[in-house]
2 protein chains.
Amino acid sequence: MANTPMDVKELPASGALVLAVDMPGVVPADVKVQVEEGNVLTITGERKRPADDGDGVKYLRMERRMGKFMRKFPLPESADIDGVRAEYKDGVLTVTVNKKPPPEPKKPRVVEVKVAGAGEPKGK
Amino acid sequence: MANTPMDVKELPASGALVLAVDMPGVVPADVKVQVEEGNVLTITGERKRPADDGDGVKYLRMERRMGKFMRKFPLPESADIDGVRAEYKDGVLTVTVNKKPPPEPKKPRVVEVKVAGAGEPKGK
């Protein structure tokens, strides 16, 4: 399951990124989503054989790959790292990364102009 | 998604067959499980892109295959066709096929032995 397939789409209105990663039969507790050095979204996990496979279970076909998997996706500078959300449903992990609001336009700093000499005591 | 992976195992105690088929992100109503001519278990379904993909959605990666899929598995004569159960959970369809109980051992048919001549009137 090393390279489980992933879609990444960008929503037109908000510019949010939505990642969908196939991971059927994975226990959500076995999935980790993190943003690493350099703004790289990293999804790691592991799919395990059912624990109730006791002795004597005979596999007639065994096509589903088990084991660890990892997917990475570099996020843009504009990504709101603190607001990343991840949800697991029907075997698909959906990770939503919103765009940070654009920085406020810098207000021009108003420098008060002091009128030199005004209000000073006249003569010494 | 034409050849989505499948495991088939046989449970030691009951001899039941358990099939596990990966189908992440599939709507259960889009899956059909049936036993066809010749005792062939057939699983068909379709995975569709999310309906909320409106205009302007831009895919940066598109690795997850959509569309129809089909898997078949020939069942043994001993399979209890009427008791096949299917359950969809966490993107995996699990189909359980129990074994029919062995046919009752045939009771030997007791043929009554009539004693010829007994009880017949003596002489004509």
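An unreviewed UniProt entry lists chain A under the name SHSP domain-containing protein, from Oryza punctata. In UniProt, chain A has this text filed under Subunit (unreviewed entry): "May form oligomeric structures." Under Subcellular location (unreviewed entry), UniProt gives the following word-for-word description of chain A: "Cytoplasm".

Draft legend 1. Region of the structure containing the sheet that holds strand E6 (residues 67-74) of chain B. Residue and element names in this part refer to chain B. If you trace the 3 strands from one edge of the open sheet to the other, you get E3-E4-E6, paired in antiparallel fashion. Whereas interior strands pair on both sides, the edge strands pair on one side only; in this sheet they are strand E3 (31-36) and E6. For this sheet, the mean inter-axis angle between neighbouring strands, taken without regard to orientation, is 15°. Inspection of the sheet shows strand E4 (residues 40-47) paired to E6 by 8 bridges, in the antiparallel sense. Of the residues in E6, the one forming a bridge with Arg-47 is Gly-67.

Draft legend 2. Local environment of the relation of the copies chain A and chain B. When chain A is fitted to chain B, the best match, at an RMSD of 0.6 Å, comes from turning it 179° and sliding it 0.2 Å along the axis. Here the copies are linked by what is in effect a two-fold axis. A share of 100% of interface residues in chain A that are also interface residues in chain B marks the association as one of identical surfaces.

How each quantity is defined
Residues numbered from 1 in each chain as written. Chains lettered and ligands numbered in written order. Predicted model: local features only at pLDDT ≥ 70, side-chain atom pairs only at ≥ 80, totals over all residues. Heavy atoms only, no water. UniProt positions renumbered as here; feature names shortened; annotations may be inferred. Pairing = 2+ DSSP bridges. Helix = DSSP H or I, 4+ residues; strand = E, 2+ residues; numbered from the N terminus. Axes fitted to C-alpha atoms, helices over the stretch in contact; angles between N-to-C directions. Least-squares fit on C-alpha atoms with pLDDT ≥ 70 in both. Contact = heavy atoms within 4.5 Å.

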